[in-house]
Amino acid sequence: MTTRKATAEAPALPLNQILAGDCIEVMNALPEGSVDLIFADPPYNLQLKGDLHRPDNSKVDAVDDHWDQFSSFSSYDRFTQGWLRAARRLLKPNGAIWVIGSYHNIFRVGAAMQDAGFWMLNDVVWRKSNPMPNFKGKRLTNAHETLIWASREESAKYTFNYEALKALNDGVQMRSDWVLPICTGHERLKDDNGDKAHPTQKPESLLHRILIASTNPGDVVLDPFFGTGTTGAVAKMLGRDFIGIEREEAYRKVAAERIERTRKFDASGLEVTGSKRAEPRVPFGQVVERGMLRPGEELFSIGNRFKAKVRADGTLIGNDIKGSIHQVGAAYEGAPSCNGWTYWHFKRDGKMIPIDILRQQIRAEMEADQRQQH
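A quick note: this is a predicted structure, and the numbers were derived from the prediction, not measured.

**Overview of the packing of aromatic side chains**
So, point 1. Inspection of every chain in the model, using the stated rule, returns 13 aromatic pairs.
So, point 2. Both rings, one in Phe-160 and one in Tyr-162, keep their centres 6.1 Å apart while their planes meet at 65°; by these two values the pair is edge-to-face.
So, point 3. Assessed through its relative accessible area of 15%, Tyr-162 is described here as buried.
So, point 4. What links up through ring pairs into an aromatic cluster is the set Trp-98, Trp-149, Tyr-158, Phe-160, Tyr-162 and Trp-178.
So, point 5. Sitting over the ring of Trp-126, Lys-128 keeps its end group 5.3 Å from the ring centre.
So, point 6. The aromatic ring of Phe-300 is capped on one face by Lys-347, whose charged end is 4.5 Å from the ring centroid.

Below is the structure:
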């Protein structure tokens, strides 16, 4: 008789909690490979020298907090390298990260991300529709911030809900320049004195777009610089789990109260337009193998201009042209490519039916099988 050694269970993730402490130490204490997405809004290292005033001599509430002050660029770089290493360790193999910054820090952060092994996917320009003016008139108005979106590694099969973003953008492919307002009005959180609770609170619209783009309901999103909890609030609304890390007690208090007030959207409202690329691949040969179409059966092009016969191996033949459903369609049309699934039709009871209907039937069966297995 053999005995098995008891294995220690992996520590449970502190889902939907705000953790107090230094982000590097806290991240290093969490289970490796446990997070789907990280959104990071690290200190920008603005290097402000003295107070900033408006033309009427009123003082601007600028970012002069201690957490944004570093003794040198090398000190900031060491901090950046430390939290990026900890973040990459936490990501699942197919995980991804978004980092936001300004011209003060984003170039240094981007280089550190590549050095750490992250694979760049896009940089996104968040163009502020209502930026703060340049009061001194010595530079251009700083009207944008930059986000870097990267996968954990080059081979990662990261989440990208392309069709959902396209739907969000009125049916037009989403670009890498996003025009969104900064956080103002009712969304801007205030402390007990009526002052801004955080100088760089991000708008919910920005996080909404990021989470719709690169996560699915039930995914775990970690924010190592949680601040007033925009990431947590939007994650909760969209049915994602979050983990927030914040060392400042005042911010944790505001964030906790905010998230407590936040309500999750109705389950049916969390569904988004799925990506066709994420659907299971179905070779046309499967349609023939399963008898949905028979060898020798004729297919007809859109408008009934061309026809071809199905062969036993899932290829087509017509007018001395042989090849896949895509190749034969492209040859008939004199086009560089053709989507054979939507181009070809078969006849049933005198009606022309696109062969894509058959592919969708197979996909529905595959998805039903997957649900039963889980």
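Next comes the rest of the account.
**Examining the side chain of Thr-230**
So, point 1. In this fold, Thr-230 is placed in helix α6 (residues 230–237).
So, point 2. When residues no more than four places from it in sequence are discounted, the contact partners of Thr-230 are Gln-201, Lys-202, Pro-203, Glu-204, Leu-207 and Arg-258.

**Some points on the nonpolar core**
So, point 1. Within the largest apolar cluster, 32 residues are counted, with the highest numbers of intra-cluster contacts made by Trp-98, Leu-147, Trp-178, Leu-206, Ile-210 and Leu-211.
So, point 2. Of all the elements, helix α5 (residues 204–214) adds the most residues to this core, at 6 residues.

**What to know about the environment of Ser-176**
So, point 1. One can find Ser-176 in the loop between α4 (162–168) and β6 (177–180).
So, point 2. Exposure remark for Ser-176: the relative accessible area of 36% places this residue in the partly exposed category.
So, point 3. Once the C-alpha coordinates of Ser-176 and Val-125 are considered, the two residues, 51 residues apart in sequence, prove to be 6.3 Å apart.
So, point 4. Discounting chain neighbours no more than four positions away, the residues touching Ser-176 are Asp-123, Val-124 and Val-125.

**Description of unusual backbone geometry**
So, point 1. Of note in this structure, Asp-320 is not a glycine but carries a positive phi near 65°.
So, point 2. Along the polypeptide, Asp-320 turns up in the loop between β11 (316–318) and β12 (321–323).
So, point 3. Judged by relative accessible area, Asp-320 falls into the exposed class, the value being 81%.

**Some details on the pattern of salt bridges**
So, point 1. Across all of its chains, the model carries 15 salt bridges by this definition.
So, point 2. In this structure, the salt-bridge partner of Arg-175 is Asp-177, at a minimum N-O distance of 2.8 Å.
So, point 3. Where Arg-305 meets Glu-333, a salt bridge forms, and the shortest distance between an N and an O atom there is 2.6 Å. With a gap of 28 residues between them, Arg-305 in the loop between β9 (298–301) and β10 (307–310) and Glu-333 in helix α9 (residues 325–333) connect regions that are remote in the sequence.
So, point 4. Using a relative accessible area of 33% as the deciding quantity, one classes Glu-333 as partly exposed.
So, point 5. Several salt bridges converge on common partners, so that one network encompasses Arg-88, Arg-152 and Glu-153.

Criteria and thresholds
- Residues numbered from 1 in each chain as written.
- Predicted model: local features only at pLDDT ≥ 70, side-chain atom pairs only at ≥ 80, totals over all residues.
- Heavy atoms only, no water.
- Phe/Tyr/Trp six-rings, centres within 6.5 Å; stacked < 30°, edge-to-face > 60°.
- Buried < 20%, exposed > 50% of the residue type's maximum accessible area, 1.4 Å probe, protein only.
- Lys NZ or Arg CZ within 6 Å of the ring centre and 35° of its normal.
- Helix = DSSP H or I, 4+ residues; strand = E, 2+ residues; numbered from the N terminus.
- Contact = heavy atoms within 4.5 Å.
- Core = buried A, V, L, I, M, F, W, Y, C linked by side-chain atoms within 4.5 Å.
- Salt bridge = Lys/Arg side-chain N within 4 Å of Asp/Glu carboxyl O.

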